[in-house]
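Inside the fold
So you can see what is in the structure, the chains are spelled out below.
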Amino acid sequence: MKSKGFAAHAANADLAPFEFERRELRPNDVALDIAYAGICHSDIHQAREEWGPSIFPMVPGHEIAGVVTSVGSSVTKFSVGDRVGVGVYVDSCRECAPCKAGLGNYCVEGMTGTYNGFERDGKTVTMGGYSNNFVIDADYAVKIPNNLDMSGVAPLLCAGITLYSPLRHWKAGPGMKVGIIGLGGLGHMGTKFAAALGAEVTVFSHSPNKKDDAISMGAHKFVSTNEEANFKPLRGSYDLILNTVSAEINLDPYLQLLKLDGTLVMIGLSGKPYPIQAGTLLGARRSLAGSMIGGVPELQEMLDFCGKNNIVSDVEVIKANYINTAYDRTIASDVKYRFVIDASTF
Ligand code: NAP
Ligand code: ZN
Ligand code: ZN
């Protein structure tokens, strides 16, 4: 199947128009026309090789919302015309314990990334959502509730699930104090979800101009992280803090904010090491943890939760030729709160 999109050809080059082929439909595949594709900071990290060597040419994009255009002979889950979502992985081994538990994102053999990875054959390079169409095994695609705007849905496929999953795992809800560090694509979804789940939410941000937006998304408190003095009165008071910052930050001031048995979850991945003060951890039996996206069943659960609660991402819809500018603005924390590409412009 012919496809056109935008690709990165080297870590230090701008993305440019690119034409390529996708596989013909297998019996359990669906094909979709992409409507919108979100720009995740992970796209930038990989296009610029901040996480190590990448595979070029690379068509990034793992926040994909579209409409089914054809289905393979054994597909029962989808019909032509259905609204369909594709997230961060498109396959996994299907045999290991995490895969059998619906957690293919933690497959022991490694998930098949939606781009910058290899299919299970170990040879075919995966190409992502900055393009006009897509082919995926139906078992790894999800249904999009009909009441939600498609442009606001696209970021749910990564930013949404990546915050929903740890909030559910660590049982965010009434009576819990939750902190979200960084009000970007991930952080703004975490703020909305934590508030919808009934937790008391604080946004920690190095952009004081985001205060009003944070409060309107459901945050109860906004803390500017530029002044050290703002941390002291909050020490020992949080149950759960989620770090969504794309750059390396000093974690110790945040570990100090956790109460007894509190947890700081690493979600942002700068690609650089983070020094840890062990004394801060053991001083209140605190935990430092990590979380990576979520499994396909939970991805569907999250979309259904968004449908019921009318939750979507706050987006700036852009044309394909704005992608490189959008990258620069994302790095400058200047996005409200996710860039989404209109796929009709490829
Ligand atoms: P984003 O939209 O760029 O948001 C990151 C936010 O971090 C910014 O808006 C900013 O928030 C804050 N920030 C950025 N640079 C900072 C600095 N130098 N100092 C302090 N704060 C800074 O990025 P995103 O798409 O949400 O992704 C965030 C991170 O999560 C990336 O590293 C990405 O690769 C990673 N990620 C992880 C997973 C996972 O499964 N764990 C999934 C997707 C993405 P303020 O302006 O409010 O301070
Ligand atoms: Zn992502
Ligand atoms: Zn597996």
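Residues numbered from 1 in each chain as written. Chains lettered and ligands numbered in written order. Predicted model: local features only at pLDDT ≥ 70, side-chain atom pairs only at ≥ 80, totals over all residues. Heavy atoms only, no water.

1. Some details on the coordination of the zinc ion (ligand 3)
Rules: Excluding water, the donors of a metal are its N, O and S neighbours within 2.8 Å, or within 3.2 Å for Na, K and Ca, and that exclusion means sites may look incomplete. Only four donors with every angle between 85 and 135 degrees are called tetrahedral; only four or six donors with opposite donors over 155 degrees apart and all others between 65 and 115 are called square planar or octahedral, in that order; all others are irregular. Think of it in three bands: residues with accessible area under 20% of the maximum for their type are buried, residues over 50% are exposed, and the middle band is partly exposed, with areas taken using a 1.4 Å probe on protein chains only.
Around the zinc ion (ligand 3), the protein supplies C93 (SG), C96 (SG), C99 (SG) and C107 (SG) as donor atoms, at distances of 2.3 to 2.4 Å. In this structure, the zinc ion (ligand 3) is surrounded by four donor atoms whose angles at the metal cover 104 to 120 degrees, and the resulting shape is tetrahedral. Binding-site remark: the zinc ion (ligand 3) is held by donors from one chain whose sequence spacing is C-x2-C-x2-C-x7-C. Judged by its relative accessible area of 12%, C99 falls in the buried class.

2. Details of the coordination of the zinc ion (ligand 2)
This is how the line gets drawn: The secondary structure listing takes helices from DSSP runs of H or I that are at least 4 residues long and strands from runs of E that are at least 2 residues long, numbered from the N terminus.
Around the zinc ion (ligand 2), the protein supplies C40 (SG), H62 (NE2) and C158 (SG) as donor atoms, at distances of 2.0 to 2.2 Å. Considered as a linear motif, the donors of the zinc ion (ligand 2) on their single chain read C-x21-H-x95-C. With H62 in the loop between helix 1 (41-47) and strand 4 (64-71) and C158 in the loop between helix 3 (150-153) and helix 4 (159-169), the pair connects residues that are 96 residues apart, well separated along the chain. Assigned by exposure class, H62 and C158 land together as buried.

3. Details of the environment of L156
Using the following cut-off: Here, residues are in contact when the closest pair of their heavy atoms is within 4.5 Å.
Mapped onto the elements, L156 comes out in the loop between helix 3 and helix 4. With sequence-adjacent residues up to four places away left out, L156 is seen in contact with I161, M189, L299, M302, L303, C306, I311, V312 and S313.

4. Some details on unusual backbone geometry
Put simply, F56 and P57 share a cis peptide bond, and its omega is -5 degrees. Unusually for a residue other than glycine, R285 sits at a positive phi of about 45 degrees. Note that R285 resides in the loop between helix 8 (278-282) and strand 15 (287-290). In this structure R285 comes out as exposed when scored by relative accessible area, which is 57%.

5. Topic: helix 9 (residues 296-309)
Applied cut-off: Here the expected length of a helix is defined as 1.5 Å per residue gap, with one fewer gap than residues.
With 14 residues, helix 9 ought to run about 20 Å at 1.5 Å a step, and its terminal C-alpha atoms sit 20 Å apart, in line with that. Residues of helix 9 that are buried include every one of V296, E298, L299, Q300, M302, L303, F305, C306 and G307, and no others. Turning to helix 9, the residues buried within the fold contact strand 6 (89-91), strand 9 (142-143), helix 3, helix 4 and helix 5 (185-196). Phi turns positive one or two residues past the end of helix 9, at N310, with a value near 55 degrees.

6. What about the side chain of S42?
Mapped onto the fold, S42 is located in helix 1. We classify S42 as buried; its relative accessible area is 16%. Filtering out sequence-adjacent residues up to four positions away, S42 remains in contact with W51, H62 and Y115.

7. Topic: the site of ligand 1
Under the convention used in this document: By convention in this text, a residue qualifies as near a molecule or strand provided that one of its non-hydrogen atoms is within 4 Å of it. Pairing of N or O atoms within 3.5 Å defines a polar contact, subject to two protein rules: one partner must be a possible hydrogen donor and the other a possible acceptor, and residues neighboring in sequence count only if both atoms are side-chain atoms. Accessible surface is estimated by sampling points in the Shrake-Rupley manner with a 1.4 Å probe; for residues, cover comes only from the protein chains shown. Residues are sorted three ways: Asp, Glu, Lys and Arg are charged, Ala, Val, Leu, Ile, Met, Phe, Trp, Tyr, Cys and Pro are nonpolar, and all the rest, Gly among them, are polar. Per the annotation, domain bounds derive from an automatic or database assignment of domains.
Neighbouring ligand 1 are 30 residues; S205, H206, S207, K210 and R338 lie closest to it. In the environment of ligand 1, an oxygen atom lies 2.9 Å from a nitrogen or oxygen atom belonging to the backbone of G185. Separating an oxygen atom of ligand 1 from a side-chain N or O atom of S207 is a distance of 2.5 Å. For ligand 1, the protein covers 90% of the area, taking 920 Å² as the surface of the free molecule. For the shell around ligand 1, the secondary-structure elements that each account for two or more residues are helix 1 and helix 5. At three residues, helix 1 tops the list of elements feeding residues into the shell around ligand 1. Considering only residue class, the shell around ligand 1 consists of 12 nonpolar, 16 polar and two charged. Split by domain, the shell around ligand 1 shows at least three residues from each of two domains, domain 1 (2-158 + 314-345) and domain 2 (160-290).

8. Topic: the pattern of salt bridges
Test applied: Every case where a carboxyl oxygen of Asp or Glu lies within 4 Å of a side-chain nitrogen of Lys or Arg is listed as a salt bridge.
Counted by the stated rule, this structure contains 17 salt bridges. Where R168 meets E301, a salt bridge forms, and the shortest distance between an N and an O atom there is 3.3 Å. Here E301 lies in helix 9 and R168 lies in helix 4, a separation of 133 residues in the sequence. Among the residues examined, R168 registers a relative accessible area of 41% and is labelled partly exposed. On the accessibility criterion, E301 (34% relative accessible area) is partly exposed. Three or more residues are tied together by salt bridges with common partners; here these are D91, R94, D137 and D139.

9. Considering the packing of aromatic side chains
The test is simple: Geometry of aromatic contacts follows a simple scheme: Phe, Tyr and Trp rings, the Trp one being its six-membered ring, pair when their centres are within 6.5 Å, and the pair is stacked under 30 degrees between planes, edge-to-face over 60, tilted otherwise. Any Lys NZ or Arg CZ that is within 6 Å of a ring centre and within 35 degrees of that ring's normal is treated as a charge sitting over the ring.
Taken as a whole and judged by the stated rule, the model has 11 aromatic pairs. Here the aromatic rings of Y89 and Y140 are separated by 5.9 Å at their centres, their planes lie at 80 degrees, and the arrangement is edge-to-face. Of this pair, Y89 sits in strand 6 while Y140 sits in the loop between strand 8 (133-137) and strand 9, and the two are 51 residues apart along the sequence. Across the pair, Y140 and Y89 agree in class, each one buried. Here a set of aromatic residues connected by ring pairs shows up, and it is made of F204, F231, Y238 and Y254. The residue whose ring lies beneath K143 is F78, and the NZ or CZ to ring-centre distance is 5.7 Å.

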